[in-house]
Amino acid sequence: MQEVLQTIGSVTGISLVLALIITLADKWLNDYGEVTVDINKGERKFKTEGGQMLLNALAAQKIFIPSACGGKATCGLCKVQVTDGAGPLLPTEAPYLTAKEQETHYRLSCQVKLKNDMAILIPEELFNIKEFIGTVEQLDNLTHDIKLLRIKLPEGETIKFKAGQFVQLYTKPYGKIKETVFRAYSIASPPSDNTHVDLIIRLVPGGIATGYVHEALKVGDEIRISGPYGDFFLRGDEGINELVMIAGGSGLAPIRSLLYDIAEKGLDYRIRFYFGAVAKRDLYAEEEMAKLEAEYPNFKFVPALSSPAAEDEWDGDTGRITEVVDRYVENADGKEAYLCGSPGMLDACIKVLHSKGFKDDAIFYDKF
Amino acid sequence: MEFSTISPIVIFFASIATSNMILNNFLGMCSYIAISSEYKTATGLGKAVTLVIVVTNAINWVIYHLVIVPLKIEYMQYIIFIMVIAATVQIIEMAMDRFVPDLHVSLGIFLPLITVNCAILGSTLFMVIRHYGLLQAILFGIGSGLGWWMAICMLAAIRERMQRAKLPPGLAGAGITFIITGIMALAFVGFSGIFTIQ
Amino acid sequence: MKENPTDKDIRKDMMPGRIIADGYLGNDERSLEQIVNEDLSVLSSLGVTKEQLAAKMQHITDKALEGFGDPVDVDSRYTAQVLEFMGFLGCPYKDGKRLAKRNTYVADNETGETMIWSDMNIHLIKNHGFFEGKGAQYRLDPRRLVSFLQLEQETE
């Protein structure tokens, strides 16, 4: 009996001493004091405890660098540019960085330890991605199956995005749907209104998130979104003086944001916006577009109905969107095209644009 | 044979040539096979193993003689040695990161790897079984470490040269590595007459 | 029948609220393998392969696509119309395929019979032999589909 106790006691004692030594060593050796991290040349600065990994320190500041492996240096996604204070490149990082990236001080943020003050550069897009719990301020019918959802961001929070980008909307369980799903929707409001996010959402038969917005959501409800994401935004490259915009259905959303943004900034482009719908009941936002036309003389909204109903008394353009684009767009000189719509419409319109001489690098659309 | 009377110098040379950790005792094989495809990383790992063997041999000698023997808990020595090795490696890594970051860059990633390297526990156990004194234990540690380092470097050099060799698919990788190791061990038998410590 | 773990994963994604609101299984309690095997044996008794079936469906959808939502005449036998939405759906079998959210509404001009299928239906039939569970919103009965598409082998 005594032997057992003695064994347990001595082993426990030794483990205790070892644990104590490690804890003390950790406290003394791993204490790098407080360090300051400077992001994008002073755009944001924060102080944090030294000794942790950069990736974790950034995550604690709600700056989420994409990482798939969780900090094990196996996915190579968490690259950031560390301009000062990173120390030498580790062998664990080298395989994931090209020679050019190594030269320009790219590092894997999961491997870089904060030992002293550090200056880093991260892409604007990542820096701006945030999560918001907003409230539904407005939920209006635009057509029989399209709703405008206006979300007010929480007090004091703002979203910084480029016109054309999208957010992800998280549903709550409703009806027989027991889980949360998220779906992407383009922002329809201009970046200048940074306390609201407008989304234009068309009901999809069997759709989970669209069903949620159309059937379960009410004004005043809380709603979770994150963003902005995406590379659909105005390029306006050298020598571009005309923008061709083409949309159908709820694809009007990012174009609306782009148009407001361009009008507010007073950019000098000739803009033609071709909007395709089947009949008048699918058409919306005409008043808004007319107002924009008045404010921005170089802009023209061209709605086209493919088969107007008899009672529509339609005197505008008729025909499929591809026919209308084919009719009005003469060539690709000095033009960029911005498209948003369903996959079939995109494919067909891109084909027409190609036939007019548009190169792929002058045609922009979201691929989700 | 009375091990405890052998000169530390002899122990040192013997543990490199005739009692090599890998080539005679086949200890520490996992990392030896896994990390030997490139000379640069092999030598990094060799350095780390050498450092850890020396330090843990010394510490474990002290623990054995000042704690384990007086408390008569020799039957618990394996657990205690392993705990001591793990703790030591932890502390070495932290200290290195703090004071010699450059060395940490080249050795740091190997340190956690070799916590469970059997060559390290093996060398501690040999030292205990053979009743070495502290000086003998330290020199035995240095010799074992250097021997391990030399062996993995030789293997890595051979493997680098063989990179373009056309091997039957079944032999490529670990297969041919074991065969090379076997041939290397045979070659080392040539030293066996010089001195014996085991 | 015991299901292997991948089947379990696929089944999970076929439940309501994962990919589409109603899911793909309806109230079918059979295993995936059973559902697929039973439908495929019906198909083979009619002398039609799932590839033939899918090819004919794809043909009608492709033709209808040219109409951009307007009804299109297909092979002077059917009137077909597509309804398209933005975005894509991932196949529940996790084969990496993304399908457009596109429904094809087809009416047979002679019999007046109508059917609806999605691009997902075509993919699931062609690649996985899956016609969806009994009671599912977009379940396609193989016997009915074959007769609707006039694919029966007359020799039988």
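This report concerns the structure included in the present document. Bear in mind that the values here come from a model prediction, so they are computed numbers and not experimental data.

A short note on the sheet that holds strand β7 (residues 146–152) of chain A
All names here are of chain A.
So, point 1. Across the sheet, which stays open at both edges, the six strands sit in the order β9-β8-β11-β6-β7-β10 with antiparallel pairing between neighbours. Since the sheet does not close on itself, it has two edges, and those belong to β9 (182–186) and β10 (196–202), each with one partner. Across the sheet, the mean angle from the axis of one strand to that of its neighbour is 40°, orientation sign disregarded.
So, point 2. Pairing of strand β6 (residues 130–141) with β7 involves six bridges; the strand directions are antiparallel. Counted as the bridge partner of D140 is L148 from β7.
So, point 3. Sheet strands touched by helix α5 (residues 209–216): β6, β7, β8 (166–170), β9, β10 and β11 (222–229). Its angle to β10, the strand with the most contacts, is close to 105°.

Considering the packing of helix α3 (residues 39–71) of chain B against helix α4 (residues 77–99) of chain B
Residues and elements named next belong to chain B.
So, point 1. Where α3 meets α4, the closest approach of the two axes is 10 Å, and the angle between their N-to-C directions is 135°. When the axes of α3 and α4 are compared, the pair comes out oblique. Pair α3 / α4 crosses with right-handed handedness. Contact residues: α3 offers L51, V52, V55, T56, I59, N60, I63, Y64 and I68, while α4 offers Q77, I80, F81, V84, I85, T88, V89, I92 and M96.
So, point 2. Looking at the contact of α3 with α4, its residues break down into 14 nonpolar, four polar and no charged.

Considerations on the interface of chain A and chain B
So, point 1. Contacts between the two partners involve 24 residues from chain A and, on the opposite side, 20 residues from chain B.
So, point 2. Here chain A and chain B share two salt bridges between them.
So, point 3. Put simply, D97 of chain B and K113 of chain A hold a salt bridge, and the shortest N to O gap is 2.6 Å.
So, point 4. In this structure, the connection of chain A to chain B is made through five residue pairs in polar contact (both at pLDDT 80 or more).
So, point 5. Residues that form the side of chain A that touches chain B fall into these classes: 13 nonpolar, six polar and five charged.

Considerations on the interface of chain A and chain C
So, point 1. Contact with chain A, which involves 29 residues of that partner, is made by 25 residues of chain C.
So, point 2. Between chain A and chain C, the buried area comes to about 2,200 Å², and carbon and sulfur atoms account for 58% of it.
So, point 3. Summed over the shared surface of chain A and chain C, the number is one salt bridge.
So, point 4. R18 of chain C is the partner of E179 of chain A in a salt bridge, and the nearest nitrogen-oxygen pair spans 2.5 Å.
So, point 5. Inspection of the region where chain A meets chain C yields 11 residue pairs in polar contact (both at pLDDT 80 or more).
So, point 6. Listing elements by their share of the side of chain A that touches chain C, those giving two or more residues are α8 (321–328) and α9 (343–355) of chain A.
So, point 7. Residue contributions to the side of chain A that touches chain C peak at four residues, all from α9 of chain A.
So, point 8. Its residues assigned to classes, the side of chain A that touches chain C comprises 13 nonpolar, 10 polar and six charged.

A closer look at the pairing of strand β4 (residues 114–118) of chain C
All names here are of chain C.
So, point 1. Note that strand β3 (residues 98–108) and β4 share five bridges and pair antiparallel. The residue of β4 that forms the bridge with A107 is T114.
So, point 2. Counting the residues in the hairpin turn of β3 and β4 gives five residues, including G112, whose phi is positive at 80°.

Brief notes about helix α6 (residues 252–265) of chain A
Residues and elements named next belong to chain A.
So, point 1. Taking 1.5 Å as the rise per residue, α6 with 14 residues should run 20 Å; its terminal C-alpha atoms sit 20 Å apart, in good agreement.
So, point 2. Taking burial as the measure, the 14 residues of α6 include 10 buried ones, the bulk of the element.
So, point 3. Residues of α6 that are buried: L252, A253, P254, I255, R256, S257, L258, L259, D261 and I262.
So, point 4. One or two residues past the end of α6 sits G266, with phi positive at roughly 65°.

Here's the deal with the pattern of salt bridges
For side chains bearing opposite charge, pairing can occur when the charged atoms are close.
Residues and elements named next belong to chain A.
So, point 1. The final tally for this structure, using the stated rule, is 29 salt bridges over all chains.
So, point 2. Of the charged contacts in the structure, one is a salt bridge between D145 and R202, with a shortest N-O distance of 3.2 Å. Of this pair, D145 sits in the loop between β6 and β7 while R202 is found in strand β10, placing the two residues 57 residues apart along the sequence.
So, point 3. You can call R202 buried: its relative accessible area is 18%.
So, point 4. The salt bridge partner of K356 is D326, with a shortest N-O separation of 3.3 Å. On the criterion of sequence distance, the pair formed by K356 in the loop between α9 and β17 (363–365) and D326 in helix α8 is long-range, its members being 30 residues apart.
So, point 5. For K356, a relative accessible area of 18% puts it in the buried group.
So, point 6. Residue classification places D326 among the partly exposed positions, given a relative accessible area of 40%.
So, point 7. Where salt bridges share partners, they join E137, R150, D193, D198, R256 and E288 into one cluster.

Observations concerning a nonpolar patch on the surface
So, point 1. There is a patch of nonpolar side chains on the surface, built from W28 of chain A together with F99, V100 and L103 of chain B and spanning about 440 Å² of accessible area.
So, point 2. With respect to the element layout, L103 of chain B can be found in helix α5 (residues 101–107).

Looking at the packing of aromatic side chains
The relative placement of two aromatic rings is captured by the distance of their centres and the angle of their planes.
So, point 1. As enumerated under the stated definition, the model contains 19 aromatic pairs over all chains in all.
So, point 2. Ring centres of F273 of chain A and F275 of chain A lie 6.1 Å apart, and the angle between their planes is 70°; on these two criteria the pair is classed as edge-to-face.
So, point 3. Among the residues examined, F273 of chain A registers a relative accessible area of 0% and is labelled buried.
So, point 4. One Lys or Arg, R98 of chain B, reaches over the ring of Y32 of chain A and ends 4.9 Å from the middle of that ring.

Brief notes about the side chain of T61 of chain C
Residues and elements named next belong to chain C.
So, point 1. For T61, the position within the fold is in helix α3 (residues 50–65).
So, point 2. In this structure T61 comes out as buried when scored by relative accessible area, which is 0%.
So, point 3. Setting aside residues no more than four positions away along its own chain, T61 makes contact with V82, R102, T104, W117, D119 and I122.

So, the sheet that holds strand β2 (residues 44–49) of chain A
Residue and element names in this part refer to chain A.
So, point 1. Ordered by their spatial adjacency, five strands build an open sheet running β2-β1-β5-β3-β4, and the pairing between neighbours is mixed. The strands lining the two open edges of the sheet, one partner per strand, are β2 and β4 (106–108). With strand direction ignored, the average angle separating the axes of adjacent strands in the sheet is 40°.
So, point 2. As paired elements, strand β3 (residues 79–84) and β4 share three bridges and run antiparallel to each other. Bridge pairing links V80 to R107 in β4.

Rules behind the numbers
- Residues numbered from 1 in each chain as written.
- Chains lettered and ligands numbered in written order.
- Predicted model: local features only at pLDDT ≥ 70, side-chain atom pairs only at ≥ 80, totals over all residues.
- Heavy atoms only, no water.
- Pairing = 2+ DSSP bridges.
- Helix = DSSP H or I, 4+ residues; strand = E, 2+ residues; numbered from the N terminus.
- Axes fitted to C-alpha atoms, helices over the stretch in contact; angles between N-to-C directions.
- Contact = heavy atoms within 4.5 Å.
- Parallel < 35°, antiparallel > 145°, perpendicular 65-115°, else oblique.
- Left-handed = near helix turned anticlockwise from the far one by under 90°.
- Nonpolar A, V, L, I, M, F, W, Y, C, P; charged D, E, K, R; others polar.
- Salt bridge = Lys/Arg side-chain N within 4 Å of Asp/Glu carboxyl O.
- Polar contact = N/O pair within 3.5 Å; in protein donor to acceptor, adjacent residues only side chain to side chain.
- Buried area = accessible area lost by both parts, 1.4 Å probe.
- Expected span 1.5 Å × (residues − 1).
- Buried < 20%, exposed > 50% of the residue type's maximum accessible area, 1.4 Å probe, protein only.
- Patch = residues over 30% accessible without salt bridge, like charges linked within 9 Å, V, L, I, M, F, W, Y side chains within 5 Å.
- Areas by Shrake-Rupley, 256 points an atom, 1.4 Å probe, with all protein chains shown as cover.
- Phe/Tyr/Trp six-rings, centres within 6.5 Å; stacked < 30°, edge-to-face > 60°.
- Lys NZ or Arg CZ within 6 Å of the ring centre and 35° of its normal.

Such coordinate-based values are descriptive only and should not be taken to indicate function.
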